[in-house]
Amino acid sequence: MFKQFPLAQTFGINTTSTMMVEGFTDDKHPAIPRKDQYVFRKNYLSDVLAYLANPCGDGLFLTGPTGSGKTSLINQVAARLNWPVQQITCHGRMELQDMIGQFMLVNGSMQFVHGPLAMAMKHGHILILNEIDLMDPSELAGLNDIIEGRPLLIPQNGGEIIQPHLKFRLIATGNSAGQGDQTGLYSGVLQQNIAFMDRFRVFEVGYPDKDQEKMILRHVLEGHGVSFDPVMESITDKMIMVANEIRNLFVGSKEASGELSITMSTRTLVRWATLMLAYKRAPNAMAYSLDRALTLRAEPAQREAIHKIAENIFGDSWGTRNA
């Protein structure tokens, strides 16, 4: 049922060749995430693997800005360890019972259908609760005993008791760290109960550095059959410079708030590169795809400011932007 995976080979990182990490033997389970091209950041990988190996009665909470790769990190680790994942995106109207299960009409009769929490506990899957800070803290308090390793009682299903599987793990992601949104940019984020947050180990996932994002873009472009020659390398370098300048203006400084209300996440940067290929016949594919990847949801003044940043970085190669 379980097997050992060589750490260096499995995750493509430089480490001792003899180091191993435990995962599942069965690689055909339908709940195993799809394995994608992925660049692992060693410090984040270390935190995730340490938790998966021994949660010690904790949940794992990944916080960080939008599109920094919180969920994809967990999914790509799980994909390489053949670890099935139950995944749900939280919202303000979600109740704990939605995670546990409900009665549904199955083949003409009402049956209790287990939800992602019950399935993960029963079968030893990873439960990922995305955007957990959008959910009502009073509902999430029902997870306190679960995180600490106690069984799940389902009175609605005849008092069913599910003992937590040895490999059950609960991982949450959020744009805040449970203290609410101090920026006003993440609508709907709620301050969480301190007793609930005390049951998590927390680490922050930031945007990759320049070299890591360059490798990500290279994987994306080569996956679309584009040769990563010196010209394309120069283009991606400038795209990353644009992204970082936008991020700096979004974050601001200790003395002043950011000048932009949108940012270019790694996810958006990848979208920009992908759309650049899709719209390669446009008069200015770079500007045309930047609009559709990011700036058409910005205020007109901010849209113009972002395009000016790109024009300054790309110079004469930027061309004339489509109206």
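Residues numbered from 1 in each chain as written. Predicted model: local features only at pLDDT ≥ 70, side-chain atom pairs only at ≥ 80, totals over all residues. Heavy atoms only, no water.

### Some thoughts on the overall build of the protein
So, point 1. Per the secondary structure count, the protein includes 13 helices and 11 strands.
So, point 2. Here the C-alpha radius of gyration of the protein, 22 Å, is about what a compact globule of 323 residues would show, namely 20 Å.
So, point 3. The dimensions of the protein, computed from C-alpha atoms along their principal axes, are 70 × 45 × 45 Å.
So, point 4. Within the protein, the fraction of its 323 residues that count as buried is 48%.
So, point 5. Pairs at least 24 apart in sequence give 69% of the contacts found in the protein among residues at least 6 apart.
So, point 6. Carbon together with sulfur atoms contributes 50% to the accessible area of the protein, which is approximately 16,300 Å² in total. (Helix = DSSP H or I, 4+ residues; strand = E, 2+ residues; numbered from the N terminus. Rg over C-alpha atoms; globule rule 2.2 N^0.38 Å. Buried < 20%, exposed > 50% of the residue type's maximum accessible area, 1.4 Å probe, protein only. Contact = heavy atoms within 4.5 Å. Areas by Shrake-Rupley, 256 points an atom, 1.4 Å probe, with all protein chains shown as cover.)

### Description of the nonpolar core
So, point 1. Membership of the largest hydrophobic core comes to 30 residues, with the highest contact counts inside it found for Met-239, Ile-246, Met-264, Leu-269, Trp-272, Leu-290 and Trp-318.
So, point 2. Elements with a contribution of two residues or more to this core: helix H9 (210-223), helix H10 (230-251), helix H11 (266-278), helix H12 (285-293) and helix H13 (300-314).
So, point 3. What Leu-269 contacts, discounting residues up to four positions off in sequence, is Glu-213, Leu-217, Met-239, Ile-240, Ala-243, Arg-247 and Met-264.
So, point 4. In this structure, Phe-61, Leu-129, Leu-140 and Phe-200 belong to the second largest nonpolar core, which totals 29 residues. (Core = buried A, V, L, I, M, F, W, Y, C linked by side-chain atoms within 4.5 Å.)

### Section: a nonpolar patch on the surface
So, point 1. Judged by side-chain polarity, Met-1, Phe-2 and Leu-166 come together as a nonpolar surface patch covering roughly 350 Å² of accessible area.
So, point 2. Here Phe-2 is to be found in strand S1 (residues 2-6). (Patch = residues over 30% accessible without salt bridge, like charges linked within 9 Å, V, L, I, M, F, W, Y side chains within 5 Å. Salt bridge = Lys/Arg side-chain N within 4 Å of Asp/Glu carboxyl O.)

### Here's the deal with the layout of surface pockets
So, point 1. The computed volume of the largest pocket comes to approximately 790 Å³.
So, point 2. The wall of the largest pocket is formed by 27 residues, among which Tyr-38, Gly-69, Ser-72, Thr-266 and Arg-267 lie closest to the centre.
So, point 3. Secondary-structure elements contributing two or more residues to the lining of the largest pocket are helix H3 (70-80), strand S10 (169-174), H9 and H11.
So, point 4. Partitioned by chemical class, the residues of the lining of the largest pocket number 7 nonpolar, 15 polar and 5 charged. (1 Å grid on protein atoms, 1.4 Å probe; cavity = no way out; pocket = protein on both sides within 12 Å on 5 of 7 lines; lining within 4 Å. Points joined across faces, edges and corners; volume = space filled by probe spheres on them. Nonpolar A, V, L, I, M, F, W, Y, C, P; charged D, E, K, R; others polar.)

### Thoughts on H3
So, point 1. For H3, the buried fraction is high: 10 of the 11 residues fall into the buried class.
So, point 2. Listing the buried residues of H3 in full gives Lys-70, Thr-71, Leu-73, Ile-74, Asn-75, Gln-76, Val-77, Ala-78, Ala-79 and Arg-80.
So, point 3. Within two residues after H3, Asn-82 carries a phi angle of roughly 55°, on the positive side.

### As for unusual backbone geometry
So, point 1. Backbone geometry places Asn-82, a non-glycine residue, at a positive phi of 55°.
So, point 2. Structurally, Asn-82 is set in the loop between H3 and strand S4 (85-89).
So, point 3. The backbone of Asn-107 sits at a positive phi, close to 50°, despite the residue not being glycine.
So, point 4. Residue position: Asn-107 is located in the loop between strand S5 (101-106) and strand S6 (109-114).

### Focus on the pairing of strand S3 (residues 59-63)
So, point 1. Counting buried residues in S3 gives 5 out of 5 residues, a clear majority hidden from the surface.
So, point 2. Here S3 shows no split at all, with Gly-59, Phe-61 and Thr-63 on one side and Leu-60 and Leu-62 on the other all buried.
So, point 3. Here 5 bridges tie S3 to strand S11 (residues 200-204), and the two strands are oriented parallel to one another. Directly across from Phe-61, in S11, lies its bridge partner Val-202.
So, point 4. With 4 bridges connecting them, S3 and S10 associate as parallel partners. Each bridged residue has a counterpart across the sheet, and for Leu-62 the counterpart in S10 is Thr-173. (Pairing = 2+ DSSP bridges.)

So far we have only geometry, and geometry alone does not tell us how the molecule works.
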